[in-house]
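One letter stands for each residue in the lines below.
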Amino acid sequence: MNKIVWMLFFGCITWGMVGCSTEKEIRTELNSGWQFRQRDSGTWLPATVPGTVHTDLLANGKIENPFYRMNELQLQWIDKKDWEYRTEFTVSEEIGKKVNQRITFTGLDTYADVYLNGEKLGSTDNMFRTWRFDVEGKLKVGRNELHIVFASPTLKGREEMERYGLRLPADNDQSVRGEMGNDRVSVYTRKAPYHYGWDWGPRLVTSGIWRPVILEAWNDVKVVDVFIRQPSVTKEKAQLVAEVCVNSDKQQSVTIAIMNEGKMLLQEQKELRRGENKISIPYVIQNPRLWWSNGLGEQNLYNFTILVTSEEGVVSEKKVTTGLRSLRLVREKDQWGESFGFELNGVPVFAKGANAIPNDVFLPRVTPDLYEKMVLDAANANMNMIRIWGGGIYEDDAFFEFCDKYGIMVWQDFMFACAMYPGNQEFLDNVRQEAIDNVTRIRNHPSIALWCGNNENALAWRYGAPGGWGWKNAFTKEEQDTVFKAYYTVFHEILPQVVKDYTDGDDYWPSSPMAGPEPDQHGLDGTTSGDQHYWGVWHGFRPLESFDEVTTRFCSEYGFQSFPEMSTIETYALPEDYDIESEVMKSHQRSYIGNGRILDYMKMYYWVPEEFEQFIYMTHVLQGLATKMGIEAHRRNMPYCMGSLIWQINDCWPVASWSTTDYYHKWKAAHYMMRDCFKEVIVAPKWEGDSLAIYAVSDRQEMIQGRLVVEVLDFQGNSISSVEKGVDVTANTSTVLWKLNREVLLAGGSENEVVLVVRLQEGDQVLDEKNIYFVYHKDLDLPTPHFSVQAGEENDEKFIQVSSDKLACNVMFCIPGESAFFSDNYIDIIPGRNYKIKVDTDLSPTQIQERIKIRYVH
Ligand code: BMA
């Protein structure tokens, strides 16, 4: 064994024992001992890093809970002030001896001056960027002080606006609430747009050190980055290229090794130059274990380690976890226009999923556990895709790790939404660097499916054509050209170039929605090509049935609001506020049409209960119905339509919104219904004139030979008519299995007093079952049911067994004051059947039995 190989061998043993900490590199976080205060005034108070000014003020008892009642309004002064943070830390002799020393701020929100031991390291102006400062000669062995001064983001934003000279549109910026008059300053600052308010979000414009601070020290070699490119991946062979970026202080010879789970894949000797070295190392993995999305197969991951060994032993290393797959957006001309769908390892995948916003307005509160909960909520609802929407943030690494783990593909927007942005060189350079930082950070995740320029900017501007949101009217022709030039530069030049240069040929889509990137398609919502945000339901007040009338190749947004459940309302409102028109409830409803829309749709399909809690429950039922109708319409329309992403899976505070799980990640009715409608195989019956058309939609790769059973029951559970037949369910598409005549099915029964049960079976296994009605619920003669509920426990699992003497619709179970999770909820209960539902709770069966509460549609 020659010397280098020996060292490598030794390095690997060390790695096996202590988690591959090389002796040479030191990395430590500087997140403790921080204090903060309003700039130049008051006493220093303890601060949490990562954190925000708002959460630090809250922790010190200086402000009330911003989410409670209307406290938000009292807190608008915070973003008009400057704030400062400081900490002391000790540097060891060992660090002091290193040639290279660097402090990295992985997230500063936003305008900050950074000082080390009184000396200015630099200024920052983008919360999405990573800020690295070389501190050799400034860092001392012993005591050091970091001091960061944050300028008011809103006042600085106003300065930037004035400097730019054009007042750009930003419809969701709640400037008046923020005591900024009509100064919508959000777009001039590279900071999460939703901090300035949205139609589901408060206006709480934070400042702070929102991601960790890291001190690194090393001697002459450091692996700065590794990107595992995947030029070709099939089930026989993965051809990979490790793009390794190594910094070296001198010209020297090193060995670079790639290991997989402790096993050496290859090693190569390389000559390093002084400075940055970009090294490409091709390698092959035979018969790779491919990465699949949820429902299609396993989420196999590979843990690669890149080790650099010099004369001195292992000097630097980096670990990369990735999955091997080929994943692309397919846009091909077809008989209808142009397709828009994802293909994973050669399989066309219908994208089932949701849009996501940040999980909190105060971002550092989003722990890895919360990310896992959110991604699991998606996976457990049979989703395979999440769109990270452009008004939030580029999420933490943890989010992407969980997406990799649970098979959730990510549609990643860049952070621009519902606005136009400046085009001065400084801004453009800032955006370019932001894109490089984030693309580089997350590009190894196999879950990344698409990069998208922005949310709805093109649609809203609709350059060179009528329509849009009327923004152009505020500008002269010359100004319009300036605004559009800035748009074009960012979304058609800078961002696609970064995606091209820094990824492995990943797909880029300039804006969501759009019919196509060509100039004549600019800003058109796609129907025969591209993607679509279908807001005819809700914003357009069209009936829920219109989901079926409008064609879409990929529905990247649609949704329907509801209130959060009662236990969540109780966290922000008092009983005296329990009226949706009260000031407090209204301030937790940010859609200006929200309450009215909910009421109008409720009257269309149900009726409006007088009692507050029953009304809140009915909003869930209504949202569930809309969600079901949307998903079924999209899936029925497969393969014309290849995606259905609901707006939105989560909330950033407790609020009435389109979310299917609320701020506390509680499942609303819509989330349960989504789980059912996103199953691998569904029946999706639909009235078409006088017939019931029974569709089956299958994501399975093989044909299913099944049995379809259709039964009409009265509300006491008696059979009125029943038919069945053998059916072939075609693989990976939608098929009409049967068309049945309405009158024949009714067999003389009353349409207001019957339920139709459609069941698809494979052998004895029920693949799916749906209840549908001949008329809207508001026209049903619903009886008063009497329930029997028995709680029990089996193998440490609690459950309830429920039955009813008469039909009951959308039966909801809850245990007030407990966060019990019911495996099924909001279900129709058919008389004569017994429903066994698991209950995740610490309560005993007796306590469940005593405290369970039931609601149903009446
Ligand atoms: C969509 C989103 C958001 C908004 C939602 C509901 O188009 O992109 O801007 O919250 O509509 O209005």
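Everything numeric in this text was worked out from a predicted model, so none of it was measured.

### With respect to the UniProt feature "domain: Mannosidase Ig/CBM-like" (unreviewed entry) in the chain
Okay, step 1: Within the UniProt annotation, "domain: Mannosidase Ig/CBM-like" (unreviewed entry) is assigned to residues 691–779.
Okay, step 2: Annotated as residues 691–779, this span is 6% helix and 64% strand, and its ends, taken at the C-alpha atoms, are 19 Å apart.

### Observations regarding the domain arrangement of the chain
Interface extent is often summarised as the accessible area lost during association of the parts.
Okay, step 1: Domains assigned within the chain are domain 1 (31–214), domain 2 (220–322), domain 3 (348–675), domain 4 (681–779) and domain 5 (787–855).
Okay, step 2: A separation of 27 Å is found between the C-alpha centroids of domain 4 and domain 5.
Okay, step 3: At the junction of the two partners, domain 4 supplies eleven residues and domain 5 supplies nine residues.
Okay, step 4: For the pairing of domain 4 and domain 5, the buried interface totals around 740 Å² over both sides, and the portion due to carbon and sulfur atoms is 54%.
Okay, step 5: Summed over the shared surface of domain 4 and domain 5, the number is one salt bridge.

### Some words on the UniProt feature "domain: Beta-mannosidase Ig-fold" (unreviewed entry) in the chain
Okay, step 1: When the UniProt feature table is mapped to this numbering, "domain: Beta-mannosidase Ig-fold" (unreviewed entry) covers residues 782–855.
Okay, step 2: End-to-end, the C-alpha atoms of residues 782–855 are 14 Å apart, and along that stretch the chain is 9% helix and 50% strand.

### Considering the sheet that holds strand β41 (residues 765–773)
Okay, step 1: Within the open sheet, the four strands sit side by side as β38-β37-β40-β41. Their pairing is antiparallel. The sheet is open, and its two borders are formed by β38 (719–729) and β41, each paired with just one other strand. Strand-to-strand, the axes of this sheet are offset by a mean angle of 15 degrees, without reference to chain direction.
Okay, step 2: When strand β37 (residues 704–714) meets strand β40 (residues 754–762), the two strands line up antiparallel, connected through eight bridges. The residue of β40 that forms the bridge with E711 is V757.

### So, the pairing of strand β8 (residues 119–125)
Strand residues, when the strand is regular, have side chains that alternate between the two faces of the sheet.
Okay, step 1: Examined bridge by bridge, strand β7 (residues 111–116) and β8 share six bridges and lie antiparallel to one another. Across the sheet, A112 pairs through a bridge with T124, a residue of β8.
Okay, step 2: Here β7 hands over to β8 after two residues, with N117 in that stretch at a positive phi of 50 degrees.

### Let's talk about the side chain of T154
Okay, step 1: On the secondary structure map, T154 appears in helix α4 (residues 153–164).
Okay, step 2: Looking at T154, the relative accessible area reads 0%, which means it is buried.
Okay, step 3: Excluding anything up to four places from it in sequence, T154 contacts D79, K80, M180, V185, Y196, R203 and V205.

### A few points about unusual backbone geometry
Okay, step 1: Cis peptide bonds are those with omega within 30 degrees of zero, and the linkage from S512 to P513 qualifies with 0 degrees.
Okay, step 2: Note that P513 resides in the loop between β31 (508–509) and β32 (532–533).
Okay, step 3: In this model, N382 sits at a positive phi of 60 degrees, which is unusual for a non-glycine residue.
Okay, step 4: For N382, the location among the structural elements is in the loop between α5 (368–380) and β28 (385–388).
Okay, step 5: Its identity is not glycine, yet E456 carries a phi of approximately 65 degrees, on the positive side.
Okay, step 6: Position of E456 relative to the elements: it lies in the loop between β30 (448–452) and α8 (457–461).
Okay, step 7: The buried category is assigned to E456, whose relative accessible area is 9%.

### Comments concerning the site of the ligand
Okay, step 1: Taken together, W198, D199, W200, W389, C418, N455, E456, W535, H539, E557, W647 and W658 make up the full set of residues near the ligand.
Okay, step 2: In the model, an oxygen atom of the ligand is placed 2.7 Å from a nitrogen or oxygen of the W200 side chain.
Okay, step 3: At a separation of 2.8 Å, an oxygen atom of the ligand approaches a polar side-chain atom of H539.
Okay, step 4: Considered class by class, the residues forming the shell around the ligand number seven nonpolar, two polar and three charged.

### Overview of the pattern of salt bridges
Okay, step 1: Scanning the model with the defined rule gives 70 salt bridges in all.
Okay, step 2: We note a salt bridge from E216 to K222, for which the minimum N-O separation is 3.0 Å. With respect to class, E216 is no different from K222; both count as buried.
Okay, step 3: Between K405 and E372 there is a salt bridge, with the nearest N and O atoms lying 3.9 Å from each other. Of this pair, K405 sits in helix α6 (residues 397–406) while E372 sits in helix α5; the two residues are 33 residues apart in sequence, bridging distant segments of the chain.
Okay, step 4: Look at K405 and you get partly exposed, because its relative accessible area is 43%.

### Considerations on the packing of helix α7 (residues 425–442) against helix α9 (residues 477–502)
Okay, step 1: Two elements in contact, α7 and α9, have axes separated by 10 Å at closest approach and are oriented at 35 degrees. For the pair α7 and α9, the sense of crossing is right-handed. Contacts between α7 and α9 pair L428, V431, R432, A435, I436, V439 and T440 from the former with T489, V490, I494, L495, V498 and Y502 from the latter.
Okay, step 2: Across the contact of α7 with α9, the residue classes break down as ten nonpolar, two polar and one charged.

What counts as what
- Residues numbered from 1 in each chain as written.
- Predicted model: local features only at pLDDT ≥ 70, side-chain atom pairs only at ≥ 80, totals over all residues.
- Heavy atoms only, no water.
- UniProt positions renumbered as here; feature names shortened; annotations may be inferred.
- Helix = DSSP H or I, 4+ residues; strand = E, 2+ residues; numbered from the N terminus.
- Domains from an automatic or database assignment.
- Contact = heavy atoms within 4.5 Å.
- Buried area = accessible area lost by both parts, 1.4 Å probe.
- Salt bridge = Lys/Arg side-chain N within 4 Å of Asp/Glu carboxyl O.
- Pairing = 2+ DSSP bridges.
- Axes fitted to C-alpha atoms, helices over the stretch in contact; angles between N-to-C directions.
- Buried < 20%, exposed > 50% of the residue type's maximum accessible area, 1.4 Å probe, protein only.
- Near = heavy atom within 4 Å.
- Polar contact = N/O pair within 3.5 Å; in protein donor to acceptor, adjacent residues only side chain to side chain.
- Nonpolar A, V, L, I, M, F, W, Y, C, P; charged D, E, K, R; others polar.
- Left-handed = near helix turned anticlockwise from the far one by under 90°.

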